[in-house]
Amino acid sequence: MEKLNLTGMTLEEMESLIESIGQPRYRAAQLFNWIYKKGILSFDQVTNFSKQLRQQLVDLAQIGLVTIEKQIVSSDNQTNKFLYKLADGQCIESVYMIDRKRRTVCLSTQVGCALACNFCATGAMDFKRNLTAGEIIDQLLAIQRTLNVEVTNVVIMGMGEPFLNYDEVMKACDLISHDKGVAIGKRKITISTSGIIPAIKRFTDDGQRYKLAISLNAAHEEKRSQMMPINKKYPLNELMNAAKYYTSKSRHRITFEYVMIAGVNDGMEDALKLAKLVKSLKCKINLIPYNAIDNHQAPPSEEKINAFIRPFLNLNVVISVRKSKGVDINAACGQLYNSFN
Ligand code: SF4
């Protein structure tokens, strides 16, 4: 009989399992804590369980869904990129970044991605499959265990479009924020979407408290469709209505990610159009200078970035330029793909 994998199970699921083997329900909360808080990989480590219970669990179940195949550390030691192998042989990546007191992980939600954004390395891969909630949270647990650190922030911006794997992503986020588990606050977890409008509405109607970011990258309808083909299905004007729906109903700020590419979307006309698009929204804009994957596209100069920011200075909009992390190990935004091979 194939063993159950406990990584990815909710507390309620563990309670049913524990009761099904004739053990008291409270044992499930202890087990949940050992797996998600302490990050164990073996039932032998569960020192407050009897030998008999540990053996029952060994016979029935296992822990852990991802195996670290490779790890690369950036030259400044602030970024680590991990390549994992999954049980079916597929590979995914995630990134760990240090920024002052913040310890952030960027997690993947799919193997490959079907959306083919033209600035993204993952988009150049085919879509293979969705990850399970267990495979999503296990990327984080493996990093904490390997580096002996406590992660403080999570960004769901790795390989894949999280809102095309909505249920498993939400289940993973609920596990990550559960107070008996990893216990990272909901407002320390950001989910970034390319703009799947029905899922933005669902996220809003569900009253989700996780932070929401939209990968925008262009304020012109046509330009955005060229960069992000999903814009043909969910056009910018409708996307902005969905963003407005989110901010007014949730009363939370929304973040727009804007990857700046020299000569593509970094002009004054782009900045003015973007300012007009977002000025009535409670939002933050993250400008992310592009990291060259090849020689076709390049980041803008500092002067261009400074000029781009100017139209926003009199608006009630927070704008920041994100310093790219892990450029020398291809760990920056849009660079996650099977680059270890
Ligand atoms: S940017 Fe995100 S949605 Fe677009 S191809 Fe890359 S992983 Fe997919």
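Residues numbered from 1 in each chain as written. Predicted model: local features only at pLDDT ≥ 70, side-chain atom pairs only at ≥ 80, totals over all residues. Heavy atoms only, no water.

(A) Representation of the overall build of the protein chain within the structure. Counting its secondary structure elements, the protein chain contains 11 helices and 14 strands. For 341 residues, the compact-globule formula gives about 20 Å, and the C-alpha radius of gyration of the protein chain, at 21 Å, lands near that figure. In terms of principal-axis extent, the alpha carbons of the protein chain reach across some 70 × 45 × 35 Å. Within the protein chain, the fraction of its 341 residues that count as buried is 54%. The long-range fraction of contacts in the protein chain, counting pairs at least 24 apart against all pairs at least 6 apart in sequence, stands at 65%. For the protein chain, the computed accessible surface area is about 15600 Å², with 48% contributed by carbon and sulfur atoms. Side chains of the protein chain give 44 positive and 34 negative charges; the mean places of these two sets differ by 6 Å. (Helix = DSSP H or I, 4+ residues; strand = E, 2+ residues; numbered from the N terminus. Rg over C-alpha atoms; globule rule 2.2 N^0.38 Å. Buried < 20%, exposed > 50% of the residue type's maximum accessible area, 1.4 Å probe, protein only. Contact = heavy atoms within 4.5 Å. Areas by Shrake-Rupley, 256 points an atom, 1.4 Å probe, with all protein chains shown as cover. Lys, Arg positive; Asp, Glu negative; His and termini not counted. Charge placed at Lys NZ, Arg CZ, Asp CG, Glu CD.)

(B) Just the sheet that holds strand β12 (residues 254–260), in detail. Pairing is mixed in the open sheet, where 10 strands are placed in the order β3-β4-β5-β6-β9-β10-β11-β12-β13-β14. Strands with a single pairing partner mark the edges of an open sheet, and in this sheet they are β3 (66–73) and β14 (318–321). Averaged over all pairs of adjacent strands, the angle between strand axes in this sheet comes to 20°, irrespective of strand direction. Bridging between strand β13 (residues 283–289) and β14 involves four bridges; their strand directions are parallel. Within β14, the position partnered with asparagine 286 by the bridge is serine 320. (Pairing = 2+ DSSP bridges. Axes fitted to C-alpha atoms, helices over the stretch in contact; angles between N-to-C directions.)

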